Amino acid sequence: MRKLTYFIACSIDGFIGDPSGDATSMYTFVNEEFLSFLATEYPETVSAAGRQALGFHDAKNQRFDTMIQGRASYQLALDAGITSPYAQLRELVASRTLKESPDANVELISEDLVGRVRELKSEESDLGIWLCGGSQLAGELIDEIDELVIKTYPLVYGSGMPMFGSDFKAIEFTLDAVRTFDNGALVRTYSRKR
């Protein structure tokens, strides 16, 4: 069974964006050292346009072959005129409002989200599934998440969009690795304790 990994950026205090979901203040920490890390270890998590601009458009997927995101996250790409932001992956968008996919590479999930994720997890593949965001989707899928990879930037928001938009529930994870960067960013990897 393959893993569902929530690979997400957040502030020190656990917010993935300001109250409206904007995370642009985190971009300043994506410097040369951090980009090198992404290009080497997680190249598929950089948008197709970003990969092209940064010169690693042909990099092989290292961890994931499938990604799932929520409607609000996907809307950011649509607003920029991009219908398949991660064309190097099979893309799924959880949405109750979109009635038709604007791109052949994007599958819409409007019903039984958990059931569809379980189907994806049961597929044969050496690569996993990337839960891209956002907060509400992560909250709905919290019981299906097997791994957390949290890119923590040295910012405190005080309030904003939490990593998990869900009711209180204590779920234990085991810390597997911590990588530090010169600019104060951390990447922590946790596995689900089952």
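Refer to the structure above for everything that follows.
Just so we're clear, the structure is a prediction, and the values are computed from it rather than from any experiment.

A.B. asks: I'm lost on the sheet that holds strand S6 (residues 128-133) in this one. Help?
C.D. replies: Sheet strands pair by backbone hydrogen bonding; their relative direction is either parallel or antiparallel. The strand order across the open sheet built from eight strands is S5-S4-S3-S6-S1-S7-S10-S9, with neighbouring strands paired in mixed fashion. For this open sheet the edge positions go to strand S5 (106-109) and strand S9 (173-180), each flanked by a neighbour on one side alone. Looking at each pair of strands side by side, their axes are set apart by 25° on average, direction ignored. Sheet analysis places S9 next to strand S10 (residues 186-192), joined by seven bridges and oriented antiparallel. Paired with Leu 175 across the strands is Tyr 190, a residue of S10. Lying on the sheet, helix H3 (residues 71-79) is in contact with strand S3 (64-70), strand S4 (90-94), S5 and S6; it crosses S3 at an angle near 100°. Of the strands in this sheet, strand S1 (4-11), S3, S4, S5 and S6 are in contact with helix H4 (residues 113-122), which crosses S4 at around 165°.

A.B. asks: Help me out: how do you make sense of H4 in this one?
C.D. replies: In an α-helix there are 3.6 residues to a turn, and that puts residues three or four apart on one side. Looking only at H4, the buried set comprises Leu 113, Gly 115, Arg 116, Val 117, Leu 120 and Lys 121. Residues of H4 that are buried sit in contact with S1, S3, S4, S5, S6 and helix H5 (135-140).

A.B. asks: Explain the nonpolar core here, please?
C.D. replies: What tends to happen in soluble globular proteins is that the nonpolar side chains get buried as a cluster. In this structure, Met 26, Phe 34, Phe 37, Leu 38, Tyr 42, Trp 130 and Tyr 153 are the most contacted members of the largest nonpolar core, which totals 25 residues. Listing elements by their share of this core, those giving two or more residues are S1, helix H1 (32-41), S3, S6 and strand S7 (147-153). Here this core takes three residues from H1, the largest share from any one element. Setting aside residues up to four positions removed in sequence, Phe 34 forms contacts with Phe 29, Lys 151, Tyr 153, Phe 181, Ala 185 and Val 187. Formed by 22 residues, the second largest nonpolar core is a distinct cluster that contains Cys 10, Leu 92, Ile 109 and Val 117.

A.B. asks: Sorry, what's going on with the environment of Phe 34 here?
C.D. replies: Here Phe 34 lies in helix H1. Exposure remark for Phe 34: the relative accessible area of 0% places this residue in the buried category. Between the C-alpha atom of Phe 34 and that of Thr 180, which follows or precedes it by 146 residues, the distance is 9.7 Å.

A.B. asks: I keep staring at the state of the cysteines and nothing clicks. Help me out?
C.D. replies: As used in these notes, a disulfide is a covalent bond between sulfur atoms, one from each of two cysteines. Enumeration according to the criterion identifies zero disulfides in this entry. Considering cysteine sulfurs only, Cys 132 is the nearest to Cys 10, which forms no disulfide, with 14 Å between them.

A.B. asks: Teacher, can you tell me more about the pattern of salt bridges here?
C.D. replies: Charged atoms that come close allow side chains of opposite charge to pair. By the definition in use, this model includes 16 salt bridges. A salt bridge links Arg 116 to Glu 107, with the nearest nitrogen and oxygen atoms 2.8 Å apart. Under the relative-accessibility criterion, Arg 116 is labelled buried at 17%. Residue Glu 107 is classed as partly exposed on the basis of its relative accessible area of 27%.

The rules we used
Residues numbered from 1 in each chain as written. Predicted model: local features only at pLDDT ≥ 70, side-chain atom pairs only at ≥ 80, totals over all residues. Heavy atoms only, no water. Pairing = 2+ DSSP bridges. Helix = DSSP H or I, 4+ residues; strand = E, 2+ residues; numbered from the N terminus. Axes fitted to C-alpha atoms, helices over the stretch in contact; angles between N-to-C directions. Contact = heavy atoms within 4.5 Å. Buried < 20%, exposed > 50% of the residue type's maximum accessible area, 1.4 Å probe, protein only. Core = buried A, V, L, I, M, F, W, Y, C linked by side-chain atoms within 4.5 Å. Disulfide = S-S within 2.5 Å. Salt bridge = Lys/Arg side-chain N within 4 Å of Asp/Glu carboxyl O.

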